[in-house]
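The primary structure of each chain is shown beneath.
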Amino acid sequence: MSGFLVSLSKPGCQPDREQLDRAAAGMATIGPDAQMVSVHGRFGCAFARLEVLPESTGERQPFCIGSKLVVGSGRLDQRHLLGGPINLPDMEIAGRVLAAGGDEAIDRLYGDFSLGIYDQAAGRLTGYRDFFGTKPLYWAETNDTYLLSNSLSTLHAWHGVDTSLNENTVADFCLFNMTYRVDKTESPFRGIHSVPPGGWIKIDDQGVRTGVWRRCPGINPKIESLRGSDIEDAFRVVLRDCVTDRLRSNKVAMEMSGGTDSTSVAALAAESFGESRENIKAFTIHYSRIHEDDEVDFAKAAAEQIGISHEFIECDDLPPYDPECWDLNLMRAAVFVPGWVTAQKTSSYSRTVLNAYSADSLIRPEPPSFLTYLLKIKETIYLQRELGRRLPVGFKNRADHLLGRDGRALYEPPKWIDPDFANRTHMRDRWMAVWEKQTAPLCEERPALSAAVFNQDWTERFVDIMPFETRDPFMDRRILEFVTSIESFPLLANKSLLRLAMRDLVPEQVLKRKKTPLGAAIQATLRGSEGDWVNDWEPAAGFENYGVYKRAVTDKNAAASDEELFSLWKARMLNEWLKGL
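Throughout, residues of each chain are indexed from 1 in the direction in which the sequence is written. In keeping with the predicted nature of the model, local features appear solely for residues at pLDDT of at least 70, side-chain atom pairs appear and are counted solely at 80 or more, and the whole-chain, interface and lining totals rest on all residues. Calculation of side-chain values draws on the structure's entire complement of heavy atoms; hydrogens and water are dropped beforehand.

Enquirer: Could you give me a rundown of the overall build of the protein chain, with the residues and numbers involved?
Expert: For helices the rule is a DSSP run of H or I covering at least 4 residues; for strands it is a run of E covering at least 2, with both sets numbered from the N terminus onward. When you go through the protein chain residue by residue, the secondary structure sums to 21 helices and 17 strands. Two residues form a contact once any of their heavy atoms are found within 4.5 Å. In the protein chain, the proportion of contacts linking residues at least 24 apart, taken out of those at least 6 apart, comes to 70%. Surface exposure of the protein chain reaches about 23,800 Å², of which carbon and sulfur atoms provide 50%. Only the protein chains shown count as cover for residues, and all accessible areas are computed by the Shrake-Rupley method using a 1.4 Å probe.

Enquirer: Would you mind going over the sheet that holds strand β4 (residues 63-65) in detail, with residue names and values included?
Expert: Strand pairing requires that DSSP identify at least two bridges connecting the strands. One open sheet holds the six strands; their spatial order is β4-β5-β6-β7-β11-β12, and the pairing between them is antiparallel. Edge positions in the sheet fall to β4 and β12 (207-212), since each of these pairs with one other strand and no more. Going from strand to strand, the sheet's axes swing by 20 degrees on average, the running direction of each strand aside. Relative to strand β6 (residues 110-119), strand β5 (residues 68-77) is paired through 10 bridges, and the arrangement is antiparallel. Note that in β6 the partner of V71 across the bridge is G116. Interaxial angle, 0 to 180 degrees, is taken between N-to-C directions of lines fitted to C-alpha atoms, where a helix line uses only the stretch in contact. Running at roughly 115 degrees to β5, helix α2 (residues 90-101) makes contact with β4, β5, β6 and β7 (124-129) of the sheet.

Enquirer: Describe helix α9 (residues 337-349), listing the residues and the values that go with them.
Expert: One turn of an α-helix holds 3.6 residues; hence residues three or four places apart share an orientation. Working rule for helices: expected span equals 1.5 Å times residues minus one. With 13 residues, α9 should cover 18 Å at 1.5 Å per step; its first-to-last C-alpha distance of 19 Å lies within 8% of that length. When we look at burial in α9, the residues that qualify are V337, P338, G339, W340, V341, T342, A343, T346, S347 and Y349. Buried residues along α9 sit against β13 (252-255), β14 (280-286), β15 (309-314) and β16 (352-354). Burial classes follow relative accessibility: with a 1.4 Å probe on protein chains only, a residue under 20% of its type's maximum area counts as buried, one over 50% as exposed, and anything between as partly exposed.

Enquirer: Hey, could you go over the nonpolar core for me, with residue numbers and the actual values?
Expert: It is characteristic of soluble globular proteins that their nonpolar side chains tend to be buried jointly. Ranked by size, the top nonpolar core spans 72 residues in total, and within it L109, F113, F132, F235 and I363 carry the most contacts. For this core, the leading source of residues is helix α7 (residues 260-273), giving seven residues. With sequence-adjacent residues up to four places away left out, F113 is seen in contact with S73, G74, L76, M91, I106, Y128, R129, D130, K135 and W213. Within this scheme, the nonpolar core is defined by two criteria: the residues are buried Ala, Val, Leu, Ile, Met, Phe, Trp, Tyr or Cys, and they are joined through side-chain atoms within 4.5 Å. Within the second largest apolar cluster, 50 residues are counted, among which are I30, Y180, A422 and L578.

That's the geometry; what it means functionally is another story.
See below:
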């Protein structure tokens, strides 16, 4: 992912060339092929190029399109449908589409991108972030300058930006997944704000305005009318197009487990490469001792049938964390080390890395078990819509009464959290806000697809510390448009649609296997690692504001449950992240 930073000086001020030079040099890690700075009146731009697409070779930004200056990073899908020459860099094509069509044209852009357009005549800077928020986009303000960038660390280093910690994002880190944020406009720092997924920002002399441009896809009658094998064939065509649009490289690395999602992507990529499929290499995380792992057998079978090279990444002896895994952007000190090692290996093979992380959210939105969902998520309205009938009035309340709890009773902050911190960040309310969103339907016509698709944080991993680009074919508006146009049950149950569509390309044993959660491997690593990472550390400056140090656990194996162990791990990782600031 190329790095960029745009500065728009306030009236009476000029761009700070010295800081722009430092910004360009600082982004050389993610954009090693060239760094450049340019100034046009009040507009300043620092750009660091990563040549990951054929058209990006020798690319220089900003692009000048009439009176508009365009800078950005990303990749477009369906470029041939946008009109004009397709041999131009993707962000130049995006700039031409937006310059000609204005804000409404953003809905024509499919792909992963974040970009800014400066209208020199109007003195206005407009930024856009892609539909799913795959590419990051942040903004900040100093006394004399507005800033827009896809690199949080670059904004963090800009003199005058308020980099005091935003406790809300620390609270979200403690409660949820490592990169989850309840408010998508926040960042870990008070003075740096995020443009939300599918969002826009406009900056001019009147100040800053933000909003969201994304539109929930409507029902496609052509897809809705398909039946039987026609649906399977149509879905495979769509998924093949999504994979092909993400190749555009002479060599591709694939993060491939032994599951259906990633092996399907690998199979379609190999099909697209044809006789050149030796230029695709799959990488699989593997445990042989500390965790029962049958991925090796399924992944081997898939690689052999698909006809691609394959490498296993042995993870038994990896530590639970690595200080080098620190990433300012996402509190990535907490990244699971096998993921970090995988990123190193895949990116050393190719700057283009495919994965299938979002498949669970987009093509398997319903729970694997209605009963499990009822007991754990406790949302009967979902079942009412999915089964096409009304459950008895009061059923949910009776179940809650029998269980002796309600949804709010399931909230329990980590035991190491300082109570004052939990109260001042309203942790309980944050928990419930996410709880309530998990079952909100994305569209009324197809309620099984949850709005939680947009609650995820899809931001590309290691965005500020590694020069490569990850691409997920399932994270595509075409996939979303397809699944919202079909009846979810039974087609999306247990990913039936994908399994049927890929039955002649992926080994049968892979298609029929049960899903293996990664969480068990994480817990095994935490328990099996050498050293007492639970207690053998000293608190970083400021940690006392968030947690109580030295809990009454003297041995990691004494943790009451895997959930408690994971919570303690997050405490340690938060501490490591604070040390890195």
